[in-house]
Amino acid sequence: MTEALAALEIDDVRRAAEIWAEAVERYPNQTLDSHLAVNVLLGLRRFDEADALMQEGLRKSPNDQRCAIGLAHVARVRGDHESAAERWAKVRKQFPNVMDGYAFGVMALRGLNRLPDAEALTRQTMARFPDEVLGFMEYGRLADIQQDWDQALERWTVVLTRFDHLSGYTGAAQAMVKLGRYDEADALLARARVRYPIDPSVGIGLAISAQTKGDIPEAISRWKYMVQHFPMHIVAVFNAAGALDKLGATDDAEQVLRDAVDHFPREPRPMAELGMLLLRRRDFSGAAKAFATLRDVFPNNKEAYLRGAEALDQAGQLEEAELLRKDYRNRFGG
């Protein structure tokens, strides 16, 4: 199970699935009884199996805390906020001293946009678990969602001063940026960079600060810094590419995406984003080539056919575009 989770950590889903299948075949009882089993199944996105495993555990042992919490996490990862809220409520009732039932319950209520209920549960969480940061972080996020930036700054400052948690720095800085206090945000993030030098969220915050302020040269410089120092952080890379394109540095954005294609060969998005960028730049031949490559590597990616046909049309290759649309209809119907 540990080996399977390690494979999932590096996005090697195929290897994780192989390890799981072998473990179930060779050691069925030990594998399914493992406290790590639900985490592996969630990582593999095999939600029905994870749900059934936890339900069976509760059938055998109704007071099994691990299974009750695991069942709620299944709904959470699945994105079923309604079920998650109900299951976390059961966890709180049955195990009132388990923090997960409160903090993750807040997340479920937030997902349902039941913000007053989420606020009330967050206060309960902070009161019951004053030494745990999750409740305080959710309190900050709720202010962010409501765009109450003065309140958000106050709440994230508590996270910062009380827990010295990274989210306190980035959350407070975001609120400062929203309030137009750019120099204060930059100073706070500069402190965070010293405290957390290998976390890309700090650099993202600095780039957003300059971009929101309207300092385009500095924003471009900061986004390029992000990509240079965190080339393997896929969220930072896509944020940088999108921002550079928006700021008019389209050549830099293109290079970021081309590098991402090499860095993330198992991800379709870098090539898809590159194709879309080239379409916007009216480099229709380049876009058609990008979407053709995407189809070769990911033949079930529908956008590769639809956008590829669009690019071929714009490039004047009408017969090739129609053949591609025919291929799309044969593969996917419609």
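For the structure, see preceding data.
Residues numbered from 1 in each chain as written. Predicted model: local features only at pLDDT ≥ 70, side-chain atom pairs only at ≥ 80, totals over all residues. Heavy atoms only, no water.

Colleague: In this structure, what is going on with the packing of helix 8 (residues 100-111) against helix 9 (residues 115-128)? I would like to understand it.
Modeller: A pair of packed helices can be characterised by two numbers: the angle between their axes and the separation between those axes. One can describe the packing of helix 8 onto helix 9 by two numbers: an axis separation of 9 Å at closest approach and a directional angle of 170°. Put simply, helix 8 runs roughly antiparallel to helix 9. Between helix 8 and helix 9 lies a crossing of left-handed hand. Contact residues: Y102, A103, G105, V106, L109 and R110 in helix 8; L115, D117, A118, L121, T122, Q124, T125 and R128 in helix 9. For the contact of helix 8 with helix 9, the per-class residue count stands at seven nonpolar, four polar and three charged. (Axes fitted to C-alpha atoms, helices over the stretch in contact; angles between N-to-C directions. Helix = DSSP H or I, 4+ residues; strand = E, 2+ residues; numbered from the N terminus. Parallel < 35°, antiparallel > 145°, perpendicular 65-115°, else oblique. Left-handed = near helix turned anticlockwise from the far one by under 90°. Contact = heavy atoms within 4.5 Å. Nonpolar A, V, L, I, M, F, W, Y, C, P; charged D, E, K, R; others polar.)

Colleague: Just checking my understanding: could you explain the packing of aromatic side chains for this structure?
Modeller: Geometry of an aromatic ring pair is reported as the spacing of the ring centres plus the angle between the planes. One pass over the full model with this rule turns up seven aromatic pairs. Ring geometry for W88 versus F104: centroids 5.4 Å apart, planes at 20°, classification stacked. You can see W88 sitting in helix 7 (residues 81-94) and its partner F104 sitting in helix 8, a full 16 residues away along the chain. For the pair formed by W88 and F104, the shared burial category is buried. When the ring of Y328 is compared with that of F332, the centres are 5.0 Å apart and the planes differ by 50°; the resulting orientation is tilted. Note that Y328 and F332 are positioned in helix 21 (residues 318-332) at a spacing of four residues, about one turn of the helix. The buried category is assigned to Y328, whose relative accessible area is 17%. When its relative accessible area of 24% is taken as the criterion, F332 is described as partly exposed. Put simply, the rings of Y305, Y328 and F332 pair up and form one aromatic cluster. (Phe/Tyr/Trp six-rings, centres within 6.5 Å; stacked < 30°, edge-to-face > 60°. Buried < 20%, exposed > 50% of the residue type's maximum accessible area, 1.4 Å probe, protein only.)

Colleague: Explanation requested: the nonpolar core in the structure shown.
Modeller: Judged by nonpolar contacts, the single largest core of 44 residues is most densely connected at W20 and W88. Breaking this core down by element, the ones donating at least two residues are helix 1 (2-9), helix 2 (13-26), helix 4 (37-43), helix 5 (47-60), helix 6 (65-78), helix 7, helix 8 and helix 9. Of all the elements, helix 6 adds the most residues to this core, at seven residues. With sequence-adjacent residues up to four places away left out, W88 is seen in contact with I69, A72, H73, R76, D100, G101, F104, G105 and A108. (Core = buried A, V, L, I, M, F, W, Y, C linked by side-chain atoms within 4.5 Å.)

Colleague: Would you take a moment to explain helix 15 (residues 216-229) for this structure?
Modeller: For an α-helix the count is 3.6 residues per turn, leaving residues at separations of three or four pointing the same way. Helix length check: helix 15, at 14 residues, gives a terminal C-alpha distance of 20 Å against a target of 20 Å (1.5 Å per residue), a fit within 8%. Turning to helix 15, its buried residues number three or more, namely A219, I220, R222, W223, M226 and V227. Along the axis of helix 15, the buried positions cluster into a sector of 165°, meaning they face one direction only. Away from its buried face by more than 90 degrees, helix 15 exposes P217 and Q228. Check the buried side of helix 15 and you find it contacts helix 13 (182-195), helix 14 (200-213), helix 16 (234-246) and helix 17 (250-263). (Expected span 1.5 Å × (residues − 1). Arc of directions from axis to C-beta.)

Colleague: How do you make sense of the packing of helix 7 against helix 8 when you look at a structure like this?
Modeller: Across the interface, helix 7 lies against helix 8 with an axial gap of 8 Å and an inter-helix angle of 155°. One element, helix 7, and the other, helix 8, form an angle in the roughly antiparallel class. Relative to helix 8, helix 7 is oriented so that their crossing is left-handed. Of the residues in helix 8, those in contact with H81, A84, A85, W88, V91 and R92 of helix 7 are D100, G101, Y102, F104, G105, A108, L109 and G111. Partitioning the contact of helix 7 with helix 8 into residue classes produces eight nonpolar, four polar and two charged.

Colleague: Explain the layout of surface pockets here, please?
Modeller: Any space left empty among the atoms is revealed by the rolling of a water-sized probe across them. Empty space within the largest pocket amounts to approximately 440 Å³. Around the largest pocket, the lining comprises 19 residues; the ones closest to its centre are T170, G171, Q174, S201 and G205. Contributions of two or more residues to the lining of the largest pocket are made by helix 10 (133-145), helix 12 (166-178) and helix 14. There is about 250 Å³ of room inside the second largest pocket. Taken together, I10, D11, M232, I234, H263, F264, P265, R266, E267 and P268 make up the full set of residues lining the second largest pocket. Looking at the lining of the second largest pocket, its residues break down into six nonpolar, one polar and three charged. (1 Å grid on protein atoms, 1.4 Å probe; cavity = no way out; pocket = protein on both sides within 12 Å on 5 of 7 lines; lining within 4 Å. Points joined across faces, edges and corners; volume = space filled by probe spheres on them.)

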